[in-house]
Amino acid sequence: MHIDAFEVLADPMRRRIVETLRSGERAVNDIVERVDIHQSGVSRHLRILSEAGFVQMRPEGTKRVYSLKPERFRELDDWISRYRVLWEARLDRLGAALDRRKRDREPTPPRNEETK
Amino acid sequence: MTNNATAGTSATRKERVTIERTYDASIEDVWEMWTTKDGIESWWGPDGFATTVRAIDLRVGGVLDYTMRATDAAQIEFMKKANMPTAIDNRMTYTEVTPPKRLGFSHYADFIPGVEPYQVNHLVELRTTADGVRVTVTIDRMHDDYWTEMAVKGWTSELEKLAKVLAA
């Protein structure tokens with residue numbers, strides 16, 4: 001089953017739930033207290049988050065305690081490094097294009113060093 | 001976007017990437033590469049794509065419309081498999097045009113399912129140095145607090161798609 005990570009996290013209430021778990025694991029009733037919707041709503045969002053791999057649950061007595069699964073978040077890629085790679089490649093191409101242009105322009109290009 | 005950022009509570013922050021290169025060329029040539037149809041088409045890329053500029057209106061508020069078409073067989077196959085179109089239309093809006101030194105443009109990322117469109121701002125600065133022309137590209141992402149915070153934590157987004165599609 002594939003759940004789009006963005007769709008899951010785009011929901012404002014689910015974001016709030018994730019926020020509450022950022023400082024550490026919490027029981028469901030604790031989460032309910034911090035986000036002002038009904039327990040049924042919280043449970044539904046937790047189930048969706050859980051299915052998407054963002055949170056995990058462990059029982060503690062009669063309680064259900066949820067925590068974030070950092071691996072899932074890390075899987076989502078790092079924007080900055082992506083952008084850097086993209087632009088490094090792009091600026092390389094700019095350099096190559098400038099070189100080409102310079103070569104094309106030179107009226108009597110110096111002999112290419114193909115004699116090797 | 002110059003809202004009064006309320007100090008303290010609002011965590012509206014930006015992500016920023018800065019990349020610098022020095023080219024052995026004249027500043028006018030480099031400027032032309034960034035600001036003319038022929039110039040842009042000759043290098044914009046990415047690799048495996050051909051860029052066609054459909055319209056360019058080089059002034060603040062003017063737009064650059066271009067299409068990136070996959071030309072590389074492997075790339076085309078990848079895009080098809082990923083259910084992505086092999087030609088992607090892009091639009092950027094110029095935010096600063098100061099020849100031949102500063103070029104600003106913003107790109108609106110609106111293709112991520114379930115995510116509110118967000119803006120990516122670019123500023124290109126050209127400076128003549130002893131070695132040639134120093135090009136500094138600064139990229140800022142404007143996003144909501146949540147994603148910004150996520151990025152700061154080093155998590156961020158599923159940008160397989162971004163890298164492939166955004167390329168702009």
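Everything discussed here concerns the structure shown above.
In this text the structure is predicted, and so the values were computed from the model without any measurement.

Now for the overall build of chain B. Within chain B, the secondary structure is distributed over five helices and seven strands. Counting across all 168 residues of chain B, residues that qualify as buried make up 45%. In chain B, of all internal contacts separated by at least 6 residues, the share reaching a separation of at least 24 is 49%. By element, 49% of the accessible surface of chain B is carried by carbon and sulfur atoms, the whole surface being about 8200 Å².

In this section: the pattern of salt bridges. According to the stated counting rule, one finds 21 salt bridges over all chains in the structure shown. As a salt-bridge pair, B:Arg21 and A:Glu88 come within 2.3 Å of each other at their nearest N and O atoms. With B:Arg21 in strand S1 (residues 15–23) and A:Glu88 in helix H6 (residues 79–105), this pair bridges two chains. Take B:Arg21: its relative accessible area is 18%, and that puts it in the buried class. Taking relative accessible area as the criterion, A:Glu88 reaches 28% and is therefore assigned partly exposed. The partner of B:Glu41 in a salt bridge is B:Lys37, with the nearest N and O atoms 2.8 Å apart. With B:Glu41 and B:Lys37 both in helix H2 (residues 37–41), this residue pair falls four residues apart, about one helical turn.

What follows deals with the sheet that holds strand S1 (residues 26–27) of chain A. In a beta sheet, neighbouring strands are held together by backbone hydrogen bonds and run either parallel or antiparallel to one another. Residues and elements named next belong to chain A. Spatially, the three strands line up as an open sheet ordered S1-S3-S2, and their pairing is antiparallel. Of all strands in the sheet, those bounded by a partner on one side alone are S1 and strand S2 (55–60). As judged from the six bridges shared by S2 and strand S3 (residues 63–68), these two strands associate in the antiparallel manner. Bridging from a neighbouring strand, Glu 60 pairs with Lys 63 of S3. Along the sheet, helix H2 (residues 12–22) contacts S1, S2 and S3; its crossing angle with S3, the most-contacted strand, is approximately 90°.

Cut-offs used in this document
Residues numbered from 1 in each chain as written. Chains lettered and ligands numbered in written order. Predicted model: local features only at pLDDT ≥ 70, side-chain atom pairs only at ≥ 80, totals over all residues. Heavy atoms only, no water. Helix = DSSP H or I, 4+ residues; strand = E, 2+ residues; numbered from the N terminus. Buried < 20%, exposed > 50% of the residue type's maximum accessible area, 1.4 Å probe, protein only. Contact = heavy atoms within 4.5 Å. Areas by Shrake-Rupley, 256 points an atom, 1.4 Å probe, with all protein chains shown as cover. Salt bridge = Lys/Arg side-chain N within 4 Å of Asp/Glu carboxyl O. Pairing = 2+ DSSP bridges. Axes fitted to C-alpha atoms, helices over the stretch in contact; angles between N-to-C directions.

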